[in-house]
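Here is how the chains run, residue by residue.
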Amino acid sequence: MAELKGQCVFVTGASSGIGAATARAFAREGARLILAARRLERLTEISAELKKAYGTESFCFALDVGQHKSVGAELEKLPEAWKAIDVLVNNAGLSRGLVKLHEGGFFDWDEMIDTNVKGLLAVSRTVIPWMLKRNRGHIINIGSIAGHEVYPNGNVYCATKYAVRAISRGMKMDLHGTPIRVSSVDPGLAETEFSLVRFRGDKERAAQPYKGVKPLTGEDIAEAIVWCANRPEHVDIIEMVIMPTAQSSTTMVHREP
Ligand code: NDP
Ligand code: 8X3
């Protein structure tokens, strides 16, 4: 297994859900962490928790990946020692609304496309050249079951996750012949703040997708991400689709009454 102890792992969207669980899982392996998201106060809390629990060294910074044109300049401000990134987890992402395409709003579309697609591209555009200079690295993109199957009213969110899937395949090909690995981890229904964000804080609506079902947790996905990262260096997990046992497709979810 590849040794994660002392490796530098950069997690975008580390303030909540899958990203926060991923930070915790890598900390348990002895990695040092770059934690980024817009809510800096959450990151500093997680950083303090991990310092106390595992002695983890971390660097937190406020980054809005949706401001994709300034992402490169923001990342260039990282101290040199923190630019030696071994694992990049492109996790920051969100959904807004669940409505028919012809009823959708440009603002929501821009936010999803800017964050999920252009944000991921911008972070990767800066970090991959650093990895190439060191001739080592692993990019783990968080896709979704929504990048494999479209569901009614999911239109633009699904489009962004189909894009992430295409970008992961393209990245892998563009890094052909280098030791840099590219993986895509694609979850189904996971209970995080995702639904609360999608429905703009409407708690009742946000709880619906998880009613009568045991969904995935951020920890379930984090475990898979760490597993991808600590495979031997000649092994690259290209794509991993993970669903709750009760889910068989985006629309087939078995719910107990
Ligand atoms: P959460 O809402 O719990 O976490 C999303 C994270 O992304 C937060 O840390 C948030 O931080 C960050 N984020 C959102 N927008 C930005 C931005 N513009 N710049 C920087 N960070 C941002 O949801 P999840 O943990 O579920 O989502 C993580 C990823 O998993 C997303 O890519 C999502 O599409 C994907 N996914 C989720 C599934 C689910 O069912 N939950 C299933 C399949 C995939 P902050 O608000 O502080 O900026
Ligand atoms: C999140 C999973 O099915 O809610 O990517 O779109 S789903």
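Scroll up a little and you will see the structure.
All chains use their own residue numbering, which begins from 1 and follows the written sequence. Key to labels: chains lettered from A, ligands numbered from 1, both in the order written. For a predicted model such as this one, the threshold for reporting local features is a pLDDT of at least 70, and the threshold for listing and counting side-chain atom pairs is 80 or more; totals across whole chains, interfaces and linings nevertheless cover every residue. Water and hydrogen atoms play no part in the side-chain values, which are based on all heavy atoms of the structure.

Draft legend 1. Inspection of the packing of aromatic side chains at higher detail. Think of it this way: a Phe, Tyr or Trp ring, Trp meaning its six-membered ring, pairs with another when their centres are within 6.5 Å, and the plane angle makes it stacked under 30 degrees, edge-to-face over 60, tilted otherwise. One pass over the structure, following the stated rule, counts 5 aromatic pairs. On the basis of an interplanar angle of 40 degrees and a centroid distance of 5.9 Å, the ring pair of Phe59 and Trp82 is categorised as tilted. Of this pair, Phe59 sits in strand 3 (residues 58–62) while Trp82 sits in the loop between helix 3 (68–76) and strand 4 (87–90); the two residues are 23 residues apart in sequence, bridging distant segments of the chain. Cluster of aromatic residues (ring-pair linked, three or more members): Phe10, Phe59, Phe61 and Trp82. Here the guanidinium or amino end of Arg32 rests over the ring plane of Trp82, the centre of that ring lying 4.8 Å away. Lying across the ring of Tyr157, Arg198 places its NZ or CZ 5.4 Å from the centre. A run of DSSP states H or I qualifies as a helix once it reaches four residues; a run of E qualifies as a strand once it reaches two. Both are numbered from the N-terminal end. Throughout this description, the term charge over a ring refers to an Arg CZ or Lys NZ atom that lies within 6 Å of the ring centre and within 35 degrees of the ring normal.

Draft legend 2. Just the sheet that holds strand 5 (residues 138–142), in detail. Strand order in the open sheet made by the 7 strands is 3-2-1-4-5-6-9, with parallel pairing throughout. Unpaired on one side and paired on the other, strand 3 and strand 9 (239–242) mark the two borders of the sheet. On average, each strand axis in the sheet is tilted by 15 degrees relative to the strand beside it, whichever way the strands run. The pairing of strand 1 (residues 8–12) with strand 4 spans 3 bridges and is parallel. Bridged to Val9 within strand 4 is Val87. Contacts are assigned to residue pairs that have any heavy atoms within 4.5 Å of one another. A fitted line through C-alpha atoms represents every axis, and for helices the fit uses only the stretch in contact; the resulting angles, taken between N-to-C directions, go from 0 to 180 degrees. Along the sheet, helix 1 (residues 17–28) makes contact with strand 1, strand 2 (32–37), strand 4 and strand 6 (181–187), crossing strand 2 at roughly 170 degrees. Contacts from helix 4 (residues 106–134) reach strand 1, strand 4 and strand 5, with the element oriented near 175 degrees to strand 4. A pair of strands counts as paired when DSSP detects no fewer than two bridges linking them.

Draft legend 3. Quick peek at helix 2 (residues 40–54). By definition here, a helix of n residues has an expected span of 1.5 Å times n minus one. With 15 residues, helix 2 should reach 21 Å at 1.5 Å per residue; the first-to-last C-alpha distance of 21 Å fits that figure. Only protein chains enter the calculation, and the probe is 1.4 Å; a residue is then buried if its accessible area is under 20% of its type maximum, exposed if over 50%, and partly exposed in between. Listed in full, the buried residues belonging to helix 2 are Leu43, Ile46, Ser47 and Leu50. Viewed end-on, helix 2 has its buried residues packed into an arc of 105 degrees, placing them on one side of the element. Exposed residues pointing more than 90 degrees away from the buried face of helix 2 are listed as Glu45 and Lys52. Buried residues along helix 2 sit in contact with helix 1, strand 2 and strand 3. Once helix 2 ends, the next one or two residues include Gly55, with phi positive near 70 degrees. Relevant arc is that of directions from the helix axis to the C-beta atoms, nothing else.

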